[in-house]
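Structure assessment
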Amino acid sequence: MKLASIADYRAASRRRVPRFLFDYTDGGSYAEQTLTANVGDLAAIRLDQRVLVDVSQIETRVKLLGQALTMPVVLAPVGLGGLHARRGEVQAWRAAQAAGIPMALSTVSVCSLEEVTQGGGAAPWFQLYLTKDKAANEAMIATAREQGCPALVLTVDLPTPGARYRDVRSSLTGAPGLAGWLHRAAQVAARPGWAVDVGLLGGPVAMGNLTGLVGAKAPLSDYLGWIARNFDASADWDRLAWVRSLWPGPLIVKGILHPDDAALAAQHGADAIVVSNHGGRQLDGAISAARALPAIMDRLGGCIPVLADGGVRSGLDVLRFVSLGASAVMIGRPWVWGLSAGGQAGVAHVLQLLRAELETAMALTGRTRLA
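Overview of the structure. (Residues numbered from 1 in each chain as written. Predicted model: local features only at pLDDT ≥ 70, side-chain atom pairs only at ≥ 80, totals over all residues. Heavy atoms only, no water.)

**Points about the sheet that holds strand 5 (residues 125-128)**
- Taken in spatial order, the 8 strands line up as 3-10-9-8-7-6-5-4 in an open sheet, and their pairing is parallel. Each having just a single partner strand, strand 3 (73-75) and strand 4 (104-105) make up the two edges of the open sheet. (Pairing = 2+ DSSP bridges. Helix = DSSP H or I, 4+ residues; strand = E, 2+ residues; numbered from the N terminus.)

**Some details on a nonpolar patch on the surface**
- Nonpolar side chains collect at one region of the surface, where L178, W181 and L182 lie side by side and expose about 360 Å² of accessible area between them.
- Topologically, L178 is positioned in helix 8 (residues 178-189).
- Taking relative accessible area as the criterion, L178 reaches 61% and is therefore assigned exposed. (Patch = residues over 30% accessible without salt bridge, like charges linked within 9 Å, V, L, I, M, F, W, Y side chains within 5 Å. Areas by Shrake-Rupley, 256 points an atom, 1.4 Å probe, with all protein chains shown as cover. Salt bridge = Lys/Arg side-chain N within 4 Å of Asp/Glu carboxyl O. Buried < 20%, exposed > 50% of the residue type's maximum accessible area, 1.4 Å probe, protein only.)

**As for the pattern of salt bridges**
- All told, the structure shown has 16 salt bridges when counted by the stated rule.
- One salt bridge in this structure joins D197 and R86, with 3.1 Å as the shortest N-O distance. Taken together, the residues D197 in helix 9 (residues 192-200) and R86 in the loop between strand 3 and helix 4 (88-99) connect sequence positions 111 residues apart.
- The exposure class assigned to D197 is buried, which follows from its relative accessible area of 17%.
- Between E115 and R87 there is a salt bridge, with its nearest N and O atoms 2.8 Å apart. Placement of E115 in helix 5 (residues 113-120) and of R87 in the loop between strand 3 and helix 4 is noted, with a sequence separation of 28 residues between them.

**Observations concerning the environment of L42**
- Within the fold, L42 resides in helix 3 (residues 33-43).
- Classification of L42 as buried rests on a relative accessible area of 0%.
- Taking the C-alpha atoms as reference, L42 lies 18 Å from G27; in sequence the two are 15 residues apart.
- If we ignore the near neighbours within four places in the chain, the residues touching L42 are A37, A290, G310, G311, V312, D317, R320 and F321. (Contact = heavy atoms within 4.5 Å.)

Following this line, the structure appears as structure tokens:
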């Protein structure tokens, strides 16, 4: 099948990777109501078509936190994203660099920050989760500083993981014994291309940034269980101030849905925030990012840049978020689906699609620039 849209890449990803991996990336928590709302509420925003406007020159470039972006898109941090292709985060970062946009590397990536920086020739942004081991957090922040990361993204909406039923059904979580191993092995055997590319030739298969915390073999078979045991549910606004004291560069707080929390983030030193419900993977029934964004924009009054993520499936969706006030959008699932289907070239094509769709949407709404 010729891949013409992000939906096509999702279908290709389903065919390429084992079920437990596809469902982990694709799914949400509980009944997936918020996951569905993210897509539906964003798509429901109507765009004003305008005519007889000179749109022969379209400019998608923007500036964000001192960085020049070719379009207002950032690759979001995705845990285990690198499992979708051989040393996947390195390939994704190369595609992002070629497209002229940032990427935020997850704390729970497969490739370490050092490997991604070396493989891409420059450091991406780094996304940090707060664990109970403050010394480990301090060490990760120090590594991000030493590697030259242009920004630190602190994700604050995962004090404990939401119940993700798909992951239990696929035996990604909650099945550490022989039966779980056999269930996952059968899914791997059904995807021989992936098994050779990633499983056989793509090692080591581990959470690269956490080897100093949990050893070289981080427990992928109990991924969310490990998170529940080790992420710090006691973290509060003082911890944000603590991170701020350790990080001299741009600090972005991700996982904001309430206007009061947006204001508190700014007061505690955030240079930007990401309006996000973790892709519908945490509190099911929470407000969608598209519905949360306008009230947050009103509350902040432009004092810091606001990014948004959740539900972006086309360049039209990028324009919808920008029309609500977002300085840029983060995409998670789309780049991972591209990685599954075609590695670096797949991610590059997803970004090409987004930019082309954004340019078309701008032209048909009579807008020549986003700034």
